[in-house]
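# Structure assessment
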Amino acid sequence: MTKTKLTKEERYRLGVKSEILEFFEINDDLPWALGKIHKAFAIRDNETKVLFNELIDELHRDGNLVRSSNGDYILDVKTDFFTGKIEHVNPRFAFLVVEGQENDVWIDARDLNGAVDGDTVKALIHSKRSREKRIEGEVVEVVQRGRTEMVGVIDVMPNYAFVVPDAKRVHQDIFIPKEHLNGAKTGEKVIIQIMTWADGKKKSEGKVVEVLGKVGDNNTEMHSILAEFGLPIRFPEIVEEEAENIPVEISAEEIKKRRDMRDVTTFTIDPVDAKDFDDALSIKYLENGNYEIGVHIADVSHYVTPDSELEKEAFKRATSVYLVDRVVPMLPEKLSNGLCSLRPHEDKLTFSAVFEIDSEAKIVNEWFGRTVTHSDKRFSYEEAQEVLNLAYAAVVPEVSEEKLKKKSKKNPEPEINTFSKELVLLNSLAHKLRAERFSKGSVNFETVEVRFKLDDDGKPLGIYQKIRQDTNKLIEEFMLLANKRVAEFVFNKRKKEPRNTMVYRVHESPDPERIRVFAAFAKRFGYNVSAEHVSSSLNKMMEDVVGKPEQNLLESLAVRTMAKARYSVEPLGHFGLAFPFYSHFTSPIRRYPDVMVHRLLQHYLDGGSPVDGAVWELRCKHSSEMERLATEAERASIKYKQVEFMSLMDPNRVWDGIVSGVTEFGLFVEITETASEGLVRMTDLTDDFYRLDKENYRIVGERNGKVFTFGDALKVRVKECNLSKRSMDFALVSSDSKGGGRVFTKPQGERHKSKPPRGGRGSSPKSGGGRNKSSGKKKR
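## Here's the deal with the overall build of the chain
The number of helices and strands found in the chain is 18 helices and 35 strands. Within the span of the chain, comprising 780 residues, buried residues form 53% of the whole. Pairs at least 24 residues apart make up 67% of the contacts formed inside the chain by residues separated by at least 6 positions. Accessible surface computed for the chain: about 35,500 Å², of which carbon and sulfur atoms make up 49%.

## Quick look at empty space enclosed by the protein
Applying the stated criterion across every chain yields a total of three cavities of 30 Å³ or more. The space that makes up the second largest cavity amounts to roughly 40 Å³. The wall of the second largest cavity is formed by Leu231, Pro232, Arg317, Thr319, Val321, Val328, Pro329 and Met626. Its residues assigned to classes, the lining of the second largest cavity shows six nonpolar, one polar and one charged.

## A word on the sheet that holds strand β15 (residues 279–285)
Pairing within the open sheet is mixed, and its seven strands lie in the order β13-β20-β19-β16-β15-β14-β21. At either end of the open sheet lies a strand with only one pairing partner, and these are β13 (259–260) and β21 (377–380). The sheet contact formed by β13 and strand β20 (residues 363–374) spans two bridges and is parallel. Across the sheet, Asp260 pairs through a bridge with Val372, a residue of β20. Of the strands in this sheet, β14 (265–270) and β21 touch helix α10 (residues 381–392), which is tilted by about 90° from β21. Running over the sheet, helix α13 (residues 470–493) touches β14, β15, β16 (291–298), β19 (347–357) and β20 and is turned about 105° from β20.

## Observations regarding the pattern of salt bridges
Opposite charge on two side chains allows them to pair when their charged atoms are near. Counted by the stated rule, this structure contains 52 salt bridges. Its salt-bridge partner being Glu87, residue Arg169 comes within 3.5 Å of it at the nearest N-O pair. Residue Arg169 is found in the loop between β9 (160–165) and β10 (174–177), and its partner Glu87 is found in strand β3 (residues 81–90); the two are separated by 82 residues along the sequence. Judged by its relative accessible area of 11%, Glu87 is buried. Between Glu292 and Arg259 there is a salt bridge, and its shortest N-O distance comes to 3.2 Å. Taken as a pair, Glu292 in strand β16 and Arg259 in strand β13 lie far apart in primary sequence, 33 residues in all. Under the relative-accessibility criterion, Glu292 is labelled buried at 12%. Residue class for Arg259 comes out partly exposed when judged on its relative accessible area of 28%.

## Some words on the nonpolar core
Counting residues in hydrophobic clusters, the biggest one holds 90 residues, and the most contacted among them are Leu335, Phe478 and Phe585. Sorting elements by how many residues they give to this core places α13 first, with ten residues. Ignoring anything within four residues of it in the chain, the contact list for Leu335 reads Ile246, Tyr303, Val304, Leu310, Cys340 and Ser341. With 54 residues, the next largest nonpolar core counts Ile463, Met542, Ala558 and Met682 among its residues.

## Here we look at unusual backbone geometry
Peptide bonds are trans in most cases, and residues, glycine excluded, mostly fall at negative phi. For the peptide bond that leads from Glu497 to Pro498, omega is -5°, which places it in the cis range. A positive phi is found at Ala675, a non-glycine position, where the angle reads about 55°. Tracing the backbone shows Ala675 in the loop between β27 (666–671) and β28 (676–681). Among the residues examined, Ala675 registers a relative accessible area of 12% and is labelled buried. Not every positive phi belongs to a glycine, and Arg726 is a case in point at roughly 55°. Looking at where Arg726 falls in the secondary structure, it is placed in the loop between β32 (713–722) and β33 (727–735). Using a relative accessible area of 7% as the deciding quantity, one classes Arg726 as buried.

## Section: the packing of helix α1 (residues 8–26) against helix α3 (residues 46–61)
Where α1 meets α3, the closest approach of the two axes is 10 Å, and the angle between their N-to-C directions is 70°. As the angle between them shows, α1 and α3 are arranged roughly perpendicular. Crossing of α1 over α3 shows right-handed handedness. The residues of α3 that touch α1, namely those facing Tyr12, Arg13, Val16, Lys17, Ile20 and Leu21, are Leu51, Phe52, Glu54, Leu55, Ile56, Glu58 and Leu59. Taken together, the residues that form the contact of α1 with α3 break down as nine nonpolar, no polar and four charged.

Rules used in this analysis
Position labels on residues start from 1 in each chain and follow its written sequence. Totals for whole chains, interfaces and linings use every residue, but because this is a predicted model, local features are given only for residues with pLDDT of at least 70 and side-chain atom pairs only at 80 or more, for both listing and counting. Hydrogens and water molecules were not included; the side-chain quantities draw on all heavy atoms of the structure. A run of H or I in DSSP becomes a helix once it reaches four residues, and a run of E becomes a strand once it reaches two; helices and strands are each numbered from the N terminus. Note on classification: 1.4 Å probe, protein chains only; a residue is buried when its accessible area is under 20% of the maximum for its type, exposed when over 50%, partly exposed between these limits. For this analysis, residues touch if any pair of their heavy atoms sits within 4.5 Å. For accessible areas, the Shrake-Rupley method is used with a probe of radius 1.4 Å. Any residue's cover is judged against the shown protein chains and nothing else. Of the two site types, the cavity is a set of points on a 1 Å grid over the protein atoms alone where a 1.4 Å probe fits but cannot get out, and the pocket is an open set with protein on both sides within 12 Å along at least five of seven lines, each lined by residues with an atom within 4 Å of a point. Grid points are joined across faces, edges and corners, and a volume is the space filled by probe spheres set on the points. Residues are grouped as follows: Ala, Val, Leu, Ile, Met, Phe, Trp, Tyr, Cys and Pro are nonpolar; Asp, Glu, Lys and Arg are charged; all remaining types, including Gly, are polar. DSSP-based pairing: two strands are paired if at least 2 bridges between them are found. Axis definition: a line fitted to C-alpha atoms, limited for helices to the stretch in contact. Angles are taken between N-to-C directions and run from 0 to 180 degrees. The term salt bridge refers to a pairing of a side-chain nitrogen on Lys or Arg with a carboxyl oxygen on Asp or Glu at a separation within 4 Å. In this description, a nonpolar core means a group of buried Ala, Val, Leu, Ile, Met, Phe, Trp, Tyr and Cys residues linked to one another through side-chain atoms lying within 4.5 Å. Reported orientations rely on four angle classes, namely roughly parallel under 35 degrees, roughly antiparallel over 145, roughly perpendicular from 65 to 115, and oblique for the rest. Here is the rule for handedness: rotate from the far helix to the near one, and if that takes an anticlockwise turn smaller than a right angle the crossing is left-handed, while a clockwise turn gives right-handed.

Okay, here's the thing in structure tokens:
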């Protein structure tokens, strides 16, 4: 083949291009502006400057150079660059979190180059500037913005305004031109859209797209929390309209396609304030002495069809959001509280897992498919527990089994008599299922559920911690059973490759190093956690810590030590539940992954072939991310109400607390009674100068040798409540600290305060085994 001969001009350009690349290879530690490059090559004429600019742009397009947000260029050396997400934890510095990498990259705030918290960026690693114990870097390119809208408080001047963002990790005000105020007034909460991002000394510029209301108003604050995390406040009109057009009546043709279970004893057990009843249990006594137990789930996929507006919005939201005082549903009210909700005395379309179970809770047979059911009774957890308590106390007269079998919808027995035997049986089976689960390595992750008593305006009148009773655990066990058996059924239905694609809820085994660090910390309180026998030793600790001041601290840290539960098409198992296969099948009203599971299950029941796993994996990742945001919003609403409640208390009241974190600027203390956390600042410890001993989780007085460390019992007063930042400052009243070096193992990858490592950044490893804290709604 004849080679194309280069012209003299082309050879010249190629030579200059090579020289430019060589220049960057020699000077590879810092980014270069075009003007500095011109100066370095002593270029004075405009023609040569234009040529250099063109060649540098070509090198950028070729992938040899990286262009930062401010237009500087740097050599793209693959081994010296990381791509990840920015966590701007402090006004002075941020961290780049790189997936799959244990250590985060430390970035000086001056080297963020316009990136803000949540942005995906490419960063240069500064090997020459990195210190022995940390990797340092500099942002050279913003790959993708994490947010385009922010929420905050506006301060209006005569010709312009500024918005102070609510997000704790956004540390710069946003400039708002006068023409983009949209009627906002000083002191109001607003949602702004970013028009241009910060560049050098210039601030980010935005426009007001919605005025939420007055600061401090409950609706305003809850809406601002939703907006802060990019979560929706209302449904688009087109979605509401589509929901309203769905027929309420169930056709006879639809019933014929389904297994009719309306004559089987069926009831729901939910929180007292719940409106979306997405699961029910049925029980039937079989002639062979076994029991037919049905787990019936709202058939959301019948109403929410592919490519519909309802489907698009459900996927976008991916989950309902449970704030302290409200539910922001995944589906419009007509579906979530109406058509799909398994309300009593109404026929409903359901997707069911029906099990034949013997007296030892062993599965004899199982069936999955679409059904039509009819709930006879709506129990709250408290009502069902009262029935159980009365039955166990032998207050309720014995009801014959024959009478229970002869159920009549027209003339039911009095409620307690009619359902006491069913509840006792289900509870007995649940205890056996639970015992078997723990015998196989399931971990009893229990965390304190903070609940609030609110007045009509949303003001907190009281804080209490919810107690889980037998009825909570009864429902949980049968939901876990259905979730597990559905996953096993789909996996085993096709024995050859490719296996059936399925949406699994996966929870991988914890990092041994994280377990070792947590074990050393738990040892401080006298609890033994073994890296060799993680499940059994954690369960022993969880049992022994109940009722102790350190209960909430250790339970929370144990959860954070675990890996993060997520959705995936890979059957990686669930460590926390000790299940090799696990899915989410039981809550499609409020979780989009459950809708996906229903569709896949029906597809395979109909004889369908494996679907494209890559497409479903992308849906899984989106669902996991939306779950994370919803959890963060939920926690923010709890924190806001905790701070609001404490602000209403007598400022002179002394509270019992426990040290939950130490930093270079103070002690984090959790008040035992309200599970509220605040900061005792180092500057307020006036009896000595204290320094942080990171290696040993403590601060130490330089003269008196006094030590404050994790788990120390303190007495504090509330010094200041900052509702806008959802934070509190405490004043130390007294402590049990006596000094003396109590040494603990150093955590890995810590960024905020000296604490054992957090697995999965704030998501329970058993999201899908416990309950949603704010709402009390089952979260399995």
